[in-house]
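Structure at a glance
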Amino acid sequence: MMACKHFIIANSTFSWWGAWLSNNLHKYVIAPTPWFNTFTKQGVLCPDWIHLKCDRNDLFNKSNFKVFELVSDEDLKKIDFEGFFKSIGEFGISLISNDENSKIRFLFDEKLGNNLNEYIIEFKLFSNKKSLIKINYGQPSNIVLGYNKGYSKKYLHLSRINLNDLILNINDDSLIIENITIKSVDSRFKLTLK
């Protein structure tokens, strides 16, 4: 790979090293940002590379198929809080963890929950410090979303999942969840570069 003139790389160390080790002084490197949704990997992309934003907000905004939105007390009834004390504050839901294995599980009706489909989730959170949320959706490994101090908004794209398997693991009592919205992705829309 390092013999290539230009690079479009994935968020993998294999493609990163190919672009990094290239001797072409006039190379173009296009790389996705964010690289990882965690704080353990930062500053991996060179500043002269082209950073292609891929946080999936365009996919979210194009979908009109809202499956779930956390905005009211009625929506709270669709969530199973395990190991959390919850309170509704000025910004949203304040979570206080009672143990190290606290979980939020979304409860959907069987017809919707058993659908294997593509979903895009928007998280709007406020935190007093850097925080992590682990997301499990029936896969062997977790997805980790990293949040900086203050207000954050992130998108997570999941394909072929059963919504009843969706679990958030939050071990941080500084998080305030302002909003969680889940939309089903309309497969007619495709991501395009402009």
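Everything below is about the structure shown above.
Residues numbered from 1 in each chain as written. Predicted model: local features only at pLDDT ≥ 70, side-chain atom pairs only at ≥ 80, totals over all residues. Heavy atoms only, no water.

**Comments concerning the overall build of the chain**
Which entries qualify depends on this criterion: We count a stretch as a helix when DSSP gives it H or I for four or more residues in a row; a strand needs E for two or more, and each element gets its number in order from the N terminus. Burial here depends on accessible area, computed with a 1.4 Å probe over protein chains only, as a share of the maximum for the residue type. Under 20% is buried, over 50% is exposed, and the range in between is partly exposed. Note on contacts: a residue pair is in contact if any heavy atoms of the two residues lie within 4.5 Å. Only the protein chains shown count as cover for residues, and the accessible areas themselves come from Shrake-Rupley with a 1.4 Å probe. In this tally Asp and Glu are treated as negative and Lys and Arg as positive; neither His nor the chain ends contributes. Each charge is placed at NZ for Lys, CZ for Arg, CG for Asp and CD for Glu.
Looking only at helices and strands, the chain has 4 helices and 14 strands in total. Overall, the chain is about 55 × 40 × 30 Å in size when its C-alpha atoms are taken along their principal axes. Scored against the burial criterion, the 194 residues of the chain give a buried share of 39%. Counting contacts in the chain only where the partners sit at least 6 residues apart, residues at least 24 apart contribute 63% of the total. Approximately 11800 Å² of the chain is accessible, and the part contributed by carbon and sulfur atoms is 52%. Both charge centroids of the chain, one from 25 positive and one from 21 negative side chains, sit 9 Å from each other.

**Looking at the environment of His6**
Stated formally: Whenever two N or O atoms come within 3.5 Å, that pair is a polar contact, provided that in protein one can donate a hydrogen and the other can accept it, and provided that, for residues adjacent in sequence, both atoms are side-chain atoms.
Mapped onto the elements of the fold, His6 is located in the segment before β1 (7–8). Of the residues examined, His6 reaches a relative accessible area of 43% and is grouped as partly exposed. Of note is the side chain of His6, whose polar atom sits 2.9 Å from the backbone nitrogen of Tyr28.

**Considering the packing of aromatic side chains**
Note the cut-off: Geometry of aromatic contacts follows a simple scheme: Phe, Tyr and Trp rings, the Trp one being its six-membered ring, pair when their centres are within 6.5 Å, and the pair is stacked under 30 degrees between planes, edge-to-face over 60, tilted otherwise. Criterion for a charge above a ring: Arg CZ or Lys NZ at most 6 Å from the ring centre, at most 35 degrees from the ring normal.
Applying the stated criterion to the full structure yields 7 aromatic pairs. Centre to centre, the rings of Trp16 and Trp17 are 4.8 Å apart; their planes meet at 90°, and the pair counts as edge-to-face. Residue placement shows Lys154 over the ring face of Tyr147; its charged tip is 5.5 Å from the ring centre. Positioned above the aromatic ring of Phe60, the side-chain terminus of Lys183 is 4.3 Å from the ring centre.

**As for the nonpolar core**
When a protein is soluble and globular, its nonpolar side chains tend to lie buried together. Applicable threshold: Put simply, a nonpolar core is a bunch of buried Ala, Val, Leu, Ile, Met, Phe, Trp, Tyr and Cys residues held in one set by side-chain atoms that sit within 4.5 Å of each other.
If you look at the biggest cluster of nonpolar residues, it comprises 31 residues, and the most contacted ones within it are Ile104, Phe106, Phe123, Leu168, Ile170 and Ile182. Contacts of Phe106, omitting those with residues within four sequence positions, involve Phe68, Lys78, Ile79, Leu163, Asn164, Leu166, Leu168, Ile180 and Ile182. Among the nonpolar cores identified, the runner-up in size contains 10 residues, and Phe7, Ile9, Trp16 and Val29 belong to it.

**Considering the sheet that holds strand β5 (residues 79–82)**
Inclusion rule: Any two strands are treated as partners once DSSP identifies two or more bridges connecting them. The convention used is that axes are lines fitted to C-alpha atoms, helices contributing only their stretch in contact, and that angles between N-to-C directions extend from 0 to 180 degrees.
The 5 strands are arranged β5-β8-β13-β10-β11 in an open sheet whose pairing can be described as antiparallel. Edge positions in the sheet fall to β5 and β11 (143–147), since each of these pairs with one other strand and no more. Between one strand axis and the next, the sheet turns through 20° on average, direction left out of account. Where β5 lies against strand β8 (residues 103–106), 4 bridges are found, and the strand directions are antiparallel. Bridge pairing links Glu82 to Lys103 in β8.

**Side note on the state of the cysteines**
Here is the rule we go by: Pairs of cysteine sulfur atoms within 2.5 Å are what we label disulfides.
Taken as a whole and assessed by the stated rule, the structure comprises 0 disulfides. With no disulfide of its own, Cys4 lies 16 Å from the sulfur of Cys46, the closest cysteine sulfur. Overall, Cys46 belongs to the buried group, its relative accessible area being 13%.

**Notes on the pairing of strand β13 (residues 167–170)**
Every second residue of β13 is oriented toward a common face, with Ile167 and Asn169 on one face and Leu168 and Ile170 on the other, all of them buried. In this structure, β8 lies alongside β13, joined through 3 bridges in antiparallel fashion. Note that in β13 the partner of Ile104 across the bridge is Leu168. Summarising the sheet, strand β10 (residues 131–136) and β13 pair through 4 bridges and their orientation is antiparallel. Within the sheet, the bridge partner assigned to Asn136 lies in β13 and is Ile167.

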